[in-house]
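# Topology and contacts: notes
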Amino acid sequence: MTTKPYTEKQLFDSLISQSVYGVWIALGKIQNPMTNEMSVELTQASIQIDMLDMINNRMHASLTDDEKEYLDKVLSELKMNYVEVEKAEDAKPSEKPSLDSKDETKEESEK
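Below you will find a few notes about this structure. Model, not experiment: these values are computed from the prediction.

## A closer look at the overall build of the chain
- If you tally the helices and strands in the chain, you get four helices and zero strands.
- Taken from the N to the C terminus, the helices and strands of the chain come in the order α-α-α-α.
- Taken over 111 residues, the chain has a buried fraction of 24%.
- Sequence separation of at least 24 residues holds for 54% of the intrachain contacts in the chain that already meet a minimum separation of 6.
- As presented, the chain carries roughly 8800 Å² of accessible surface, and 52% of it is formed by carbon and sulfur atoms.

Now the structure itself:
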């Protein structure tokens, strides 16, 4: 390639934006464009946040002050949202039937 249609800053911004977008989808904050559904995938969100963290750690010395500030802010926001969604998911009732409902069903069938 002899000419670069995009600057490194544009490519960096695009990489970060794509990753952030993926985290928002995985946290169920925006609709997945592939499935047209909203669902929570905490493992996927965690992996993508960890990748952004790794990029930040590995590139920190070569980033501009504005880029460092932006990436730090984005990571902080994503991590706070991750914790909120994780707590909400943990608070949801499990899909497994409780022992009480099994006992009730057994008692009803015996009548």
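## What to know about the side chain of asparagine 56
- Within the fold, asparagine 56 resides in helix H2 (residues 42-59).
- Engagement of the side chain of asparagine 56 in a polar contact is seen with the side chain of aspartate 72, the distance being 3.0 Å.
- Apart from residues no more than four positions distant in its own chain, asparagine 56 is found in contact with Leu63, Leu71, Asp72 and Leu75.

## Examining the packing of H2 against helix H3 (residues 65-91)
- Axis separation between H2 and H3 bottoms out at 11 Å; the angle between their running directions is 160°. Between H2 and H3, the interaxial angle falls into the category roughly antiparallel. Judged by the sense of rotation from one axis to the other, the crossing of H2 with H3 is left-handed. On the side of H2, the interface is formed by Leu42, Ala45, Ser46, Ile49, Leu52, Asp53 and Asn56, while H3 contributes Leu71, Asp72, Leu75, Leu78, Lys79, Tyr82, Val85, Glu86 and Glu89.
- The class makeup of the residues in the contact of H2 with H3 is nine nonpolar, two polar and five charged.

Definitions and limits used
Residues numbered from 1 in each chain as written. Predicted model: local features only at pLDDT ≥ 70, side-chain atom pairs only at ≥ 80, totals over all residues. Heavy atoms only, no water. Helix = DSSP H or I, 4+ residues; strand = E, 2+ residues; numbered from the N terminus. Buried < 20%, exposed > 50% of the residue type's maximum accessible area, 1.4 Å probe, protein only. Contact = heavy atoms within 4.5 Å. Areas by Shrake-Rupley, 256 points an atom, 1.4 Å probe, with all protein chains shown as cover. Polar contact = N/O pair within 3.5 Å; in protein donor to acceptor, adjacent residues only side chain to side chain. Axes fitted to C-alpha atoms, helices over the stretch in contact; angles between N-to-C directions. Parallel < 35°, antiparallel > 145°, perpendicular 65-115°, else oblique. Left-handed = near helix turned anticlockwise from the far one by under 90°. Nonpolar A, V, L, I, M, F, W, Y, C, P; charged D, E, K, R; others polar.

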